Amino acid sequence: MGDVRAEWIDVLERHRPNRERAEGEPYWAPSLETATPERLREIQDEKLRVAVRYAYGSIPFYRRKLDRIGLAPDDIRSVDDLGRIPITTKQEMVEDVAANPPWGTYTAVDDEVWKGRGWQLFASSGTTAQARVFRYTRLDRSLWAWADARALWAMSVRPGQDSALLAFGYGPHVWLWGTHYALNLMGIPIVTAGGVDSRGRARFVDQYKPTVLACTPSYAMYLGNLMLDMGLDPATSSVRILYCAGEPGVGVPSTRRRLEELWRADLHECYGCTEAAPTAAAYTCSAVVARKDEPVSTHLMEDTHIWETVDPETLEPVPTGQRGLSVVTSLFSEASPQLRFLVGDFTTLADEPCPCGRTGRRARGGFLGRADDMLNVRGVTLFPSGVEDAVRRVAEIGEEFQIVVTRERELDVLTVQVEPRPEVAAERHADVALRVETEIISRCELRPVVELLPYGTLPKTEFKARRLKDLRNTP
Ligand SMILES: [Zn+2]
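Residues numbered from 1 in each chain as written. Predicted model: local features only at pLDDT ≥ 70, side-chain atom pairs only at ≥ 80, totals over all residues. Heavy atoms only, no water.

(A) Local environment of the sheet that holds strand β3 (residues 164–166). The 11 strands are arranged β4-β3-β5-β6-β7-β8-β9-β13-β12-β11-β10 in an open sheet whose pairing can be described as mixed. Since the sheet does not close on itself, it has two edges, and those belong to β4 (190–192) and β10 (305–310), each with one partner. Across this sheet, the average inter-strand angle for adjacent strands is 40 degrees, counted without regard to direction. (Pairing = 2+ DSSP bridges. Helix = DSSP H or I, 4+ residues; strand = E, 2+ residues; numbered from the N terminus. Axes fitted to C-alpha atoms, helices over the stretch in contact; angles between N-to-C directions.)

What follows is the structure, encoded as structure tokens:
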């Protein structure tokens, strides 16, 4: 077993060029970022073969899973064989941790590894009673720093020029910890803002002049508006890059426009998940973000992860270019090299070349939200991010909104509660409501009831937005 671990670590390290610093402009690791698709496939094949053996040897969850279907690790010779491994869902991990509290058996970290090589514990931001936790190792910390630095480099974040305010509480969420160590690696100073309240952070932006603000899209909206309330203007602040994750942002066109105008900054995002892609396994580049009137797309870091999209019903892979749910295999972790984990966001993978010159596929339009958040209303599939895009196209409407779905006499009713901005005169309210309705109909193919609330009624979103109330099964 120890041998497979050593072999796995050797493979991880061998495919990690430019470990300490970027090669130069414009790529951190050009041998990976501009590799031909054939070369990327070769790397994936080589890493996958060892990853499956390592997972089988050190993760009881996968050993049971492969034994159950009689699949031997050596049966997986290349990415072409990937489909023989069954998909893993969050629910399976929930059941595993319930049966094996408090850690579950789905990582390669047991108590001995944790004591000897452990770095930090992270938890999924799930809503179930028993948290799914992930113990990562010190090697993982180094891997995260390197991968996140590559992503930040693609966004044009540079030492000697930038500094970053990380608006998070340094809690057990993966994303900004990786960013923190990436900035350390890159030699970029951090304006530390954990444990500082939002007004304090607004003053930090004003006084300490970070050029990068890292937070959820909801929080960037909240903090920018709070600055305005405090008589500070985010648009003339030092912030030139909003680096976001945690919820759909850059992929929602009207949210993107609102945030970029509010801050007069470029909105970037990274994408991943606690379980299998705690680093920026997908990220936007400055070439794409510079094209303001075109849809975005997100680069997939294909040397560190294998991304697939699958049909939401059958979980069978769908071809490149067709929409499906995201599935990821990690080729990039000592602690949590998950195989075919269903992350579950809708997206479309595409292989058109990017103007930045990075090869590998991209997620066209970004990621639209977890399938868990998807609703079926009167037979129509609805994403909260679709409603968000519609609502935010109406400039007279404030940032907060809520979606309420009820059932009246066997019929689903979609109510969207919005708040006209205080400066909008009452006689214009009916017109504003009508425009919200029209936008929702054209984007979501559903006629909503639009309910106008006095400005400030809905709770202000700070971290992750909770905008949906489905009351259909509530007596
Ligand atoms: Zn690009």
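(B) The arrangement of the pattern of salt bridges in detail. The full count for this structure, using the stated rule, is 38 salt bridges. Note that Glu308 is salt-bridged to Arg340, the shortest N-O span being 2.9 Å. Here the residue Glu308 occupies a position in strand β10, and Arg340 occupies one in the loop between β11 (323–330) and β12 (341–350), the gap between them amounting to 32 residues. On the basis of relative accessibility, which here comes to 11%, the residue Glu308 falls in the buried class. Via salt bridges that share partners, Arg258, Glu388, Arg392, Glu399 and Arg421 belong to a single interconnected network. (Salt bridge = Lys/Arg side-chain N within 4 Å of Asp/Glu carboxyl O. Buried < 20%, exposed > 50% of the residue type's maximum accessible area, 1.4 Å probe, protein only.)

(C) The coordination of the zinc ion, seen in detail. Surrounding the zinc ion are the protein donor atoms Cys285 (SG), His299 (NE2), Cys354 (SG) and Cys356 (SG), at 2.1 to 2.3 Å. Around the zinc ion sit 4 donor atoms; with metal-centred angles ranging over 103 to 117 degrees, the donor geometry is tetrahedral. Mapped onto the sequence, the residues coordinating the zinc ion show the spacing C-x13-H-x54-C-x1-C. In this pair, His299 is assigned in strand β9 (residues 297–300) and Cys354 in the loop between β12 and β13 (362–364), connecting sequence segments 55 residues apart. The two residues His299 and Cys354 agree in class, both being buried. (Donors = N, O, S within 2.8 Å, 3.2 Å for Na, K, Ca; no water. Tetrahedral: all angles 85-135°; square planar, octahedral: opposite > 155°, others 65-115°.)

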